[in-house]
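Structure at a glance
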Amino acid sequence: MKLWNWPALVGFLATTAVASDILTPDAVERDIEENNLRNVLWNLNHIADSNGGNRAFGFPGYNASIDFILERMVTRFGKEFDTYVQPFNHTFETTRSIKVIGPHDEDVYVISLQYNTATPLPGGIKAPLVDTPVDDLRGSACFEDQWDGINAAGKIALVKRGVCAIADKLKLAKSHGALAVILYNNVPGKPIGSATLSASNLGLLVPVGVITLENGSDWKERLADGEELTATLIVDSETELRESWNIISETKQGDPNNVIMLGAHLDSVQAGAGVNDDGSGTAALLEIATSFQKYEGLANKVRFAWWGAEESGLIGSLYYGQHLSEKDADHIRFYFNYDMIGSKQPIYAVYADTEAHETGGSILFDYLKAKGKPVYYGGFGSSSDYVAFLELGIPSSGLFTGAGAPEDECYHQACDNLDNINWEAITLNAKAAGRAAAQLALSLDGIPPREKVSINPSSKRGVQRQLNRAAQLTRVIDKSHKCGGGLADNTV
Ligand SMILES: *[C@@H]1O[C@H](CO)[C@@H](O)[C@H](O)[C@H]1NC(C)=O
Ligand SMILES: *[C@@H]1O[C@H](CO)[C@@H](O)[C@H](O)[C@H]1NC(C)=O
Ligand SMILES: *[C@@H]1O[C@H](CO)[C@@H](O)[C@H](O)[C@H]1NC(C)=O
């Protein structure tokens, strides 16, 4: 299926199935089966395997992921769903190659970050290393005063990862004359988790390579002993504007003025297949839609969103939110976010930091509690697609099973593949999500209207302030929480 065919395909092919049974939460719960979730995740993993190892924004694996969703939502369920592919543009970056050569001409294991800056080629930047102090509380090289007395001009700064956004460290390195940064990890071993520096920082940062904690600590000690170390960093990266897409698919049944929305992101990071992040949410939505198309009796519309370019900074969902009219935003009565719901050693977290959020969130909570899971409510962070909906004051909730060790050791890595799923967790969470969608599709009793927010919706700082306030009130559940705060497009 070619992309240019997508708009023409919307609602084009009709199936002959006759809907007859009436929708109930029990029916949807029953319909969602582990085997079918496995089948979707097998397909997403296979798409990555056959497309260079990922399903990331700007790569062919994302195109193939779009085709996979459309095959079901349009080709098979075109009679029950209206589907629309929403295009948007965003800056794409990929590091073609990265290399660090150590003081003894040895190759050092290194990873790049998204939106890295290219070095001159082919030689890269060869310069003496200069150390920066380690501060595990305020972070290393995060603040102006932490650079006092460091002569970084013309050198490569050795900096420890953690606490503040990496982009902040690289900005300060640039303003202090450093030519590049070699960042060493703040957790031991290989592999090293990737992160994004944010497209908005392009041109403001020095090139960076991330090495292991072990190798960085070794160099730090040798510098402290007075050794002079010279290293080389070579970054070959490409930046250009590329198109990407959200898929928005809604039931034909139900009141268009009362819409329940479910969202999951369809893109992965460049490092891997993204089976838990967020194949898990993608699969849940697809299986919930597959159940819904069998039934009649929906009072309200149910709209499914598969978001693009989440890993580049929530780009697709923010684009969707910012292009909704006030009226269309009013019509979205509840948003459920499902991002990483099958982590290997799951926590069972339900997003909610207001009573409005709990009106939908409690359906998820009560179901998981009844199944004996240690479920808890946590506040929204700022690192998934719910941000656009919180900005609009739309009551929201969702599920999250944890990112990073111990919950998901393969977070943002190549090993986020079919082996990286807890099948009991994803199945239970998908059933919970299906029940919640069904219950609200039948009745919106008790769901408050959207709260018109006073802050300027395009002001990220305003949103950040609001989110920080929320964070003080509740235990925040956030993908980037372990590493500190910061918006998702600017990770530590
Ligand atoms: C994805 O599809 C679009 C539209 O057909 C095409 O322009 C683009 O080159 C494709 N991207 C990749 C990475 O294959
Ligand atoms: C994306 O950029 C291309 C090329 O500049 C343009 O033709 C297209 O209309 C843009 N799409 C959107 C949604 O802005
Ligand atoms: C980096 O660490 C690895 C494993 O700890 C070690 O084998 C290698 O010699 C180190 N390289 C440098 C340049 O220190």
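Residues numbered from 1 in each chain as written. Chains lettered and ligands numbered in written order. Predicted model: local features only at pLDDT ≥ 70, side-chain atom pairs only at ≥ 80, totals over all residues. Heavy atoms only, no water.

Regarding the packing of aromatic side chains
Counted only if it meets this: For Phe, Tyr and Trp, rings pair up if their centres lie within 6.5 Å, where Trp contributes its six-membered ring, and each pair is then called stacked (planes under 30 degrees apart), edge-to-face (over 60) or tilted (otherwise). Only protein chains enter the accessibility calculation, which uses a 1.4 Å probe; a residue whose area is less than 20% of its type maximum is buried, one above 50% is exposed, and one in between is partly exposed. Strands here mean DSSP runs of E at least two residues long; helices mean DSSP runs of H or I at least four residues long; both are numbered from the N terminus.
Here the structure, examined in full by the defined rule, presents 18 aromatic pairs. Summarising the aromatic geometry, the rings of phenylalanine 77 and phenylalanine 81 are spaced 6.4 Å apart at their centres and angled 40° between planes, so their arrangement reads as tilted. For the pair formed by phenylalanine 77 and phenylalanine 81, the shared burial category is buried. Relative to phenylalanine 380, the ring of tyrosine 351 has its centre 5.0 Å away and its plane inclined at 5°; by these criteria the two rings are stacked. With tyrosine 351 in strand E13 (residues 348-351) and phenylalanine 380 in strand E14 (residues 375-380), this pair connects stretches of sequence that are 29 residues apart.

Some thoughts on the site of ligand 3
Note the cut-off: Here a residue is near a molecule or strand as soon as one of its heavy atoms is found within 4 Å of it. Here the Shrake-Rupley method, with its probe set to 1.4 Å, supplies the accessible areas, and only the displayed protein chains count as covering residues. Charged means Asp, Glu, Lys or Arg here, nonpolar means Ala, Val, Leu, Ile, Met, Phe, Trp, Tyr, Cys or Pro, and polar covers whatever is left, Gly included.
Near ligand 3 the following residues occur: Glu106, Val108, Asn215 and Asp218. Here ligand 3, which alone exposes 360 Å², has 46% of that area covered by the protein. Grouping the constituent residues of the shell around ligand 3 by class yields one nonpolar, one polar and two charged.

A short note on the pattern of salt bridges
Short version of the rule: Throughout this description, the term salt bridge denotes a Lys or Arg side-chain nitrogen within 4 Å of a carboxyl oxygen of Asp or Glu.
Summed over all chains, the structure comprises 22 salt bridges. In this structure, aspartate 26 and arginine 435 form a salt bridge, with 2.8 Å as the shortest nitrogen-oxygen distance. Linking aspartate 26 in helix H2 (residues 25-31) with arginine 435 in helix H12 (residues 423-442), this pair joins segments that are 409 residues apart in sequence. With a shortest N-O distance of 3.3 Å, aspartate 136 and lysine 160 are connected by a salt bridge.

Brief notes about the confidence of the model for the protein chain
Quick note on the threshold: As a per-residue quantity, pLDDT reports the predictor's confidence and falls between 0 and 100. Should any heavy atoms of two residues lie within 4.5 Å, those residues are counted as being in contact.
For the protein chain, mean pLDDT is 91; residues scoring 70 or higher make up 88% of the total. Segment residues 456-462 is flagged for pLDDT under 50; beyond a separation of four residues in sequence, or across chains, it makes five contacts in the model. Overall, residues 468-474 carries pLDDT values under 50, and its contacts beyond four positions in sequence, including any with other chains, amount to four contacts.

A few points about the nonpolar core
Note the threshold: What we call a nonpolar core is a set of buried Ala, Val, Leu, Ile, Met, Phe, Trp, Tyr and Cys residues that are connected through their side-chain atoms within 4.5 Å.
If you look at the biggest cluster of nonpolar residues, it comprises 69 residues, and the most contacted ones within it are Leu262, Phe292, Phe304, Trp306, Phe336 and Tyr338. By residue number, the principal contributor to this core is H12, which donates 12 residues. Not counting residues up to four positions away in its chain, the partners in contact with phenylalanine 336 are Ile260, Met261, Leu262, Gly263, Gly360, Leu364, Ser397, Gly398, Ala436 and Leu440. With 33 residues, the next largest nonpolar core counts Ala56, Val181, Leu183 and Ala309 among its residues.

Details of the state of the cysteines
The term disulfide refers to a covalent linkage connecting the sulfur atoms of a pair of cysteines. Cut-off, in case you're wondering: In plain terms, two cysteine sulfur atoms within 2.5 Å form what is called a disulfide here.
Summed over all chains, the structure comprises two disulfides. Here cysteine 142 is linked by a disulfide to cysteine 164, with a sulfur-sulfur distance of 2.1 Å. Its S-S torsion of approximately -90° makes the covalent link between cysteine 142 and cysteine 164 left-handed. Linking cysteine 142 in the loop between strand E4 (125-131) and strand E5 (156-160) with cysteine 164 in the loop between E5 and helix H5 (166-175), this pair joins segments that are 22 residues apart in sequence. No difference in accessibility class separates cysteine 142 from cysteine 164, as the two residues are buried. With a sulfur-sulfur separation of 2.1 Å, cysteine 410 is cross-linked through a disulfide to cysteine 415. Residues cysteine 410 and cysteine 415 are joined by a disulfide whose S-S torsion is about -110°; by sign, that bridge is left-handed. Exposure remark for cysteine 410: the relative accessible area of 14% places this residue in the buried category. What links to what in the protein chain: the bonded cysteines, counted in sequence order, pair as 1-2, 3-4.

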